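The primary structure of each chain is shown beneath.
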Amino acid sequence: MGIAEDWSDLMFDLSCLSKQVAKRRFKKSIKYGWGGLCAYCRCNRATTVDHIKPKSKGGDSLRSNLLPACIECNHSKGSEPWLVWFKQQLFYNETAQELIEEWISNKRFIEEELDDKSPYHRTTLCTHKSTIRSHSNEQACTGKNGLAAA
Ligand SMILES: [Zn+2]
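Residues numbered from 1 in each chain as written. Predicted model: local features only at pLDDT ≥ 70, side-chain atom pairs only at ≥ 80, totals over all residues.

The secondary structure content of the protein chain amounts to five helices and two strands. Residues counted as buried form 15% of the 150 residues belonging to the protein chain. When contacts within the protein chain are restricted to residue pairs at least 6 apart in sequence, long-range pairs at least 24 apart make up 51% of them. (Helix = DSSP H or I, 4+ residues; strand = E, 2+ residues; numbered from the N terminus. Buried ≥ 20, exposed ≤ 12 C-beta atoms within 10 Å, placed from the backbone. Contact = placed C-beta atoms within 7 Å.)

Written out as C-alpha cells, the structure reads:
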C-alpha cells in the first residue's frame, strides 16, 4: 500500500478506525514516508507536519500538500512559498528540491506502487489462473477426442 492522500482514506474500516486514529495514522504515514526525517533539512527528526502551501493561503490538508518537518524548519518557513524559502537555506540542494517536487506531484508514490505490484503479485496470480483453466482443460478435451477418433 502507498501513502494515503487524505486522512479519511484510512477510514475504510469504520468499526476499527475512529477519526482520531485515522488522522494519527495519516500523519505517521507522512513522516514515515521520509524516514522520520524533516523533508527540508533532513537532519532533524520530523516532529511536525508542514503545509507546503499554507492553510492561510488556501492550501489543503492532502498528502501532496503535507511534508514532515522539524519545528525549526516549520517555523522558519512560516507562510513563505516553500521553494523561495528553501533556496535561501544552507541545507538547500537540488536533489532535495526534486524529491519534494515529486512528492507534491505524486510521482514517487506512483512509481513505487508500480514497482511493488506489477511484476509479482498481480501478474503471477493472473497467469497462474489462466494457464490452469484454459490450457490443461482444453488440451485434455482435444486429447480425448483425438484418441476416440483415431
Ligand atoms: Zn528541518
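It is worth spelling out the environment of C43 at this point. You can see C43 is positioned in the loop between α1 (19-32) and β1 (48-51). Residue C43 is classed as exposed on the basis of its C-beta count, with 10 C-beta atoms lying within 10 Å. Here the alpha-carbon distance between C43 and C70, two residues 27 residues apart in the chain, equals 8.9 Å.

In this section: the nonpolar core. Counting residues in each nonpolar core, the largest one holds 16 residues, and the members touching the most others are C38, A39, Y40, L67, A69, C70 and C73. Counting residues per element, the ones that place at least two in this core are α1, β2 (66-69) and α3 (82-87). Other than its neighbours up to four places away in sequence, A39 contacts W34, L67, P68, A69 and I100. (Core = buried A, V, L, I, M, F, W, Y, C linked by C-beta atoms within 7 Å.)

For the rest of this paragraph, the subject is α1. A rise of 1.5 Å per residue sets the reference length of α1, with its 14 residues, at 20 Å; its end C-alpha atoms lie 20 Å apart and thus fit the reference within 8%. Looking only at α1, the buried set comprises A22, F26, I30 and K31. The secondary structure elements touched by the buried residues of α1 are β1 and β2. (Expected span 1.5 Å × (residues − 1).)

Now for the pairing of β2. Across the two faces of β2 the burial is the same, with L66 and P68 and L67 and A69 all buried. As paired elements, β1 and β2 share four bridges and run antiparallel to each other. Paired with T48 across the strands is A69, a residue of β2. (Pairing = 2+ DSSP bridges.)

Below, the discussion takes up the confidence of the model for the protein chain. Predicted coordinates in regions of low pLDDT should not be interpreted in detail. For the protein chain, per-residue confidence averages 78 on the pLDDT scale, and 66% of positions sit at 70 or higher. The secondary structure element of the protein chain with the lowest average pLDDT is helix α5 (residues 107-149), at 49, and the one with the highest is α3, at 98. Confidence drops under pLDDT 50 across residues 118-132; counting only partners more than four residues distant or on other chains, this segment forms two contacts. Low pLDDT, under 50, characterises residues 139-143; the stretch is placed with zero contacts to residues that sit more than four places away or in other chains. (pLDDT = per-residue confidence, 0-100.)

Before going further, it helps to examine unusual backbone geometry. The residue R42 is not glycine, and still its phi comes out positive at about 50 degrees. By the C-beta count within 10 Å, which is 16 here, R42 ends up partly exposed.

Moving on: the environment of L67. Mapped onto the secondary structure, L67 falls in strand β2. For the pair formed by L67 and W103, sequence separation is 36 residues and the distance between their alpha carbons is 8.6 Å. What L67 contacts, discounting residues up to four positions off in sequence, is A39, D50, I52, I100 and W103.

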